[in-house]
Structures are given as C-alpha cells and as structure tokens.
Amino acid sequence: MSNFEVTVLGASGGTDGGATQCFMVRPMGCRGLRSICVDGGAGFSQISQMLARSKDSFKSELLESFYANDFEPAGQFFDPKASVSLGFPQCILGSLEDALEKHKHLNTFTKAMEIYMGVKEYYITHAHLDHIGAMVLNSPFACDANSGDAKLICALPFTLQAIEKHIFNDVIWPDLLHGGSSRLKLSSLTDGIPHVCGAFPQWDIIPFKVHHGFSASIVDERVYSTVYLFSDRSTKQSLLVCGDLEPDSASGGEPLLEKAWEYIATRVPRGNLKGIIVECSSSASTPKHELYGHMSPAYLVGQLSRLREMYGDPDVLAGLSILVTHVKTIISEKDPRLVILQELREAALQERLDVRFSMAVQGYTFSF
Ligand SMILES: [Zn+2]
Ligand SMILES: [Zn+2]
C-alpha cells in the first residue's frame, strides 16, 4: 500500500523559469489541505494552472515537449507500473470543496490560494534560484494577515544563511523574515538528525548534506545541497527526496552521500524504502566536466548500485520506484527527458538493477 503522495509542481532543471523543482508531499489519502513542499521553484502559478487544467481531460494524454514533437504521449514518461495521475489527488480536491464554502468568489485563483495556504513548511535543499524562486515571489501572500498559520522555511544552516543574507535582505527582496507580520520563519535543521515534521507529526524528516560541485568564480570552493529522508514512524515506510547532487567521488570530496546511503541501509528495513526522487540533469553524452555538480545516468545508476551493495542483498531494490527530476532544457532533436530515461534503463539493465524509472512531470501526482 502507498504511503506518500507527491504532487509535482515543478521538475525542470532550468533554463526555463516557469516550473523548476518543487514537490508537494502529503500522506496518502490525507484529508484537509495541509502539505509540505520540498523546494520552492514552483508555487502559486503552477497550482492555478493545475486546477484549471484538471477540467480538461484531453490533455492528460499528451505532454508538452517542444522537441521532435510539440506534444508526446504521457505514457512514454512513466514506468508502466508507476502509480501516477494527472492533477491534484482526489483527497485535496474534496477538501478544497469544504474550504471554499466561506468564499463568495469561486474562481481558480481563490482555489489556488487555499492550496497555497495549506503549505505549512518548505524543506529547501539549497539556495539556488531554481529551488527557491517561486517561494520567494509568493512570500507576500504568506505574510498576509488572513493567511492563517506561519510558514516555515526549514533547511540545513548553509542554506538558511544564504536565504537570509542574499535573498530576504531588503535589496533583492523585502526582508519579510524580520519585518512585518512574522508569518515567514526560518527553522534550522541538523545534518543526519531526525526532525519531527510540524504539518505531519508522524513523519521524521532527516536531512543529509551532499556535494553539488564547485563555485563558478572561487577556485576550489565547494557548493553543497541536501537530500531529505522521509520516515513515517507508524508505518515504518520511507521516501528519499533529493536536491541537486553529485556522487562524492565526482569531485574527490569527503563522504557525504555515502553517509546517507549508510543511514538508509542500516535504518530502513528491506522493502520499507518506497521510492527515491532524484535528479539526473544531463544525458550520457555530456562530458563529466560539464555536469557542474549534477548527476548523469552513469552516476545515478552507480549510486543506486552502491546503495544495494550497502544493504548486502542483490534483490533489495527490486521494483523500487525512481522518479527522475531536474532534466536540463537543451537544444536537441529528441526530448532529453526521454533520452535520459532510456539511458537510465539501459545502464540499470547492465548492472542487473531491477528498478523502475519514471520522469517527474509538472502537474502529475505520484504515489509511493
Ligand atoms: Zn543547484
Ligand atoms: Zn537546480
């Protein structure tokens, strides 16, 4: 049975600014509009688009591609056994009806605001703009006196410091963290230590710092990101949601991702890991020096093999759902998402790794 419901508000790895990484995560079938988001590259606009689009069942068959064809059949992007549906989960739409009773206007923006107000916590992986852009632009809504509870921005200290110093500084954006309504707050997490989720107290969320390449201007200055392990204390099931990352070995760095794998292999019993949401930004044809701190198909399959090795069980990952995100928009003939999916499946076959790859597509909900 599924445990986690993940609605993809954005999954692009840029360069289009429309809907970069943001995953809305909720317990499966949960009533009410409460949610948390991992990253904030998408937000209110994408929620509105999803609500408007869900009336149009025709588009569920085709996805925007703009490569070999402008639209491609949606099925090409998903594993045949993936549990995926267009739009928000039914339990959110049902709860939305109840929440709307107090409103005079029942247009799409009114509905989108109810869902946006339900986002109680953001778990930010790192402060790159494609992971925080919409969260920042939407923040005046969060500070509105009628917007209910405060929203928390949760992250490891290096990310919070960057957001506080370089974004909400009254130069790039108004300092809504310290001025005004105090409805937007920072919450500092600790590497490798479980954090009890405020919105869903049955969840522990464990952050792990990971490598994400080097600074573009300062020689040898490392850039870091975060992966989050969601662990449900009652069902014992887990889901791993990753920000941008690279294997430790890619830059000769200290073992960081290795520690996350070790934690999972020792703490998450076989069969309880329900899925991994992870980036694979570039195809196999990209030279290593042009990955800029990101995953390639070879790197990703190598890391999944490493996790299997740590479990010491060749079949431990059999049937595991891997949701691939953050594919970069490039100029090419074929949609790079389809190229990368094929390369991942071939590389996994070679490694005898029986996992199921699907592409995270904006506007769809996946169950794990
Ligand atoms: Zn990044
Ligand atoms: Zn990114």
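Residues numbered from 1 in each chain as written. Chains lettered and ligands numbered in written order. Predicted model: local features only at pLDDT ≥ 70, side-chain atom pairs only at ≥ 80, totals over all residues. Heavy atoms only, no water.

## Concerning the sheet that holds strand E6 (residues 84-86)
(1) Moving on: Across the sheet, eight strands lie side by side as E6-E17-E1-E2-E3-E7-E8-E9; this open sheet has mixed pairing. Of all the strands in the sheet, the pair left with one neighbour each is E6 and strand E9 (184-188). Direction aside, neighbouring strands of the sheet carry axes that sit 25° apart on average.
(2) Moving on: Note: strand E7 (residues 119-123) against strand E8 (residues 151-155), three bridges, orientation parallel. Each residue of the ladder has a partner; that of Glu121, found in E8, is Leu152.
(3) Moving on: Along the sheet face, helix H6 (residues 157-166) touches E8 and E9 and points at about 125° away from the line of E8. (Pairing = 2+ DSSP bridges. Helix = DSSP H or I, 4+ residues; strand = E, 2+ residues; numbered from the N terminus. Axes fitted to C-alpha atoms, helices over the stretch in contact; angles between N-to-C directions. Contact = heavy atoms within 4.5 Å.)

## Notes on the environment of Asp98
(1) Moving on: As for its position among the elements, Asp98 is in helix H2 (residues 90-99).
(2) Moving on: Asp98 sits 66 residues away from Gly32 along the chain, and the two C-alpha atoms are 8.8 Å apart.

## Focus: the coordination of the zinc ion (ligand 2)
(1) Moving on: Each protein donor to the zinc ion (ligand 2) is listed here as Asp130 (OD), His131 (NE2), Asp244 (OD) and His326 (NE2); together their distances run 2.1 to 2.2 Å.
(2) Moving on: In this structure, the zinc ion (ligand 2) is coordinated by four donor atoms arranged in irregular fashion, with angles at the metal of 90 to 164°.
(3) Moving on: One chain supplies every donor to the zinc ion (ligand 2), and in sequence these donors are spaced D-H-x112-D-x81-H.
(4) Moving on: A separation of 3.5 Å is found between the zinc ion (ligand 2) and the zinc ion (ligand 1), which are bridged by Asp244. Here Asp130, found in helix H4 (residues 129-137), pairs with Asp244, found in the loop between strand E13 (238-242) and helix H7 (257-267); they are 114 residues apart in sequence, far enough to count as distant.
(5) Moving on: Overall, the relative accessible area of 18% leaves Asp130 in the buried class.
(6) Moving on: The class for Asp244 is buried, based on a relative accessible area of 2%. (Donors = N, O, S within 2.8 Å, 3.2 Å for Na, K, Ca; no water. Tetrahedral: all angles 85-135°; square planar, octahedral: opposite > 155°, others 65-115°. Buried < 20%, exposed > 50% of the residue type's maximum accessible area, 1.4 Å probe, protein only.)

## Some thoughts on the packing of aromatic side chains
(1) Moving on: Under the criterion given, the structure shown has 13 aromatic pairs.
(2) Moving on: Note on Phe208 and Tyr263: the rings are 5.1 Å apart at their centroids and 65° apart in plane angle, and the pair reads as edge-to-face. Note that Phe208 is positioned in strand E11 (residues 203-214) and Tyr263 in helix H7, a separation of 55 residues in sequence.
(3) Moving on: For Phe208, a relative accessible area of 5% puts it in the buried group.
(4) Moving on: By way of ring pairs, the aromatic residues Phe4, Phe200, Trp203 and Phe230 are connected into one cluster.
(5) Moving on: Above the plane of the ring of Tyr224 lies Lys209, whose end atom (NZ or CZ) is 4.0 Å from the centre. (Phe/Tyr/Trp six-rings, centres within 6.5 Å; stacked < 30°, edge-to-face > 60°. Lys NZ or Arg CZ within 6 Å of the ring centre and 35° of its normal.)

## A few points about the nonpolar core
(1) Moving on: Ranked by size, the top nonpolar core spans 112 residues in total, and within it Ile36, Phe230, Ile276 and Phe357 carry the most contacts.
(2) Moving on: What Phe230 contacts, discounting residues up to four positions off in sequence, is Phe4, Val25, Ile36, Val38, Trp203, Asp204, Ile205, Gln237, Ser238, Leu239 and Val241. (Core = buried A, V, L, I, M, F, W, Y, C linked by side-chain atoms within 4.5 Å.)

## What to know about the packing of helix H8 (residues 297-311) against helix H9 (residues 336-350)
(1) Moving on: For the pair H8 and H9, the least separation of the axes is 9 Å and the interaxial angle reads 40°. The orientation of H8 relative to H9 falls into the category oblique. When you trace H8 past H9, the crossing you get is right-handed. Residues Pro297, Leu300 and Val301 of H8 lie in contact with H9, whose contacting residues are Ile340, Glu343, Leu344, Ala347 and Ala348.
(2) Moving on: Across the contact of H8 with H9, the residue classes tally to seven nonpolar, no polar and one charged. (Parallel < 35°, antiparallel > 145°, perpendicular 65-115°, else oblique. Left-handed = near helix turned anticlockwise from the far one by under 90°. Nonpolar A, V, L, I, M, F, W, Y, C, P; charged D, E, K, R; others polar.)

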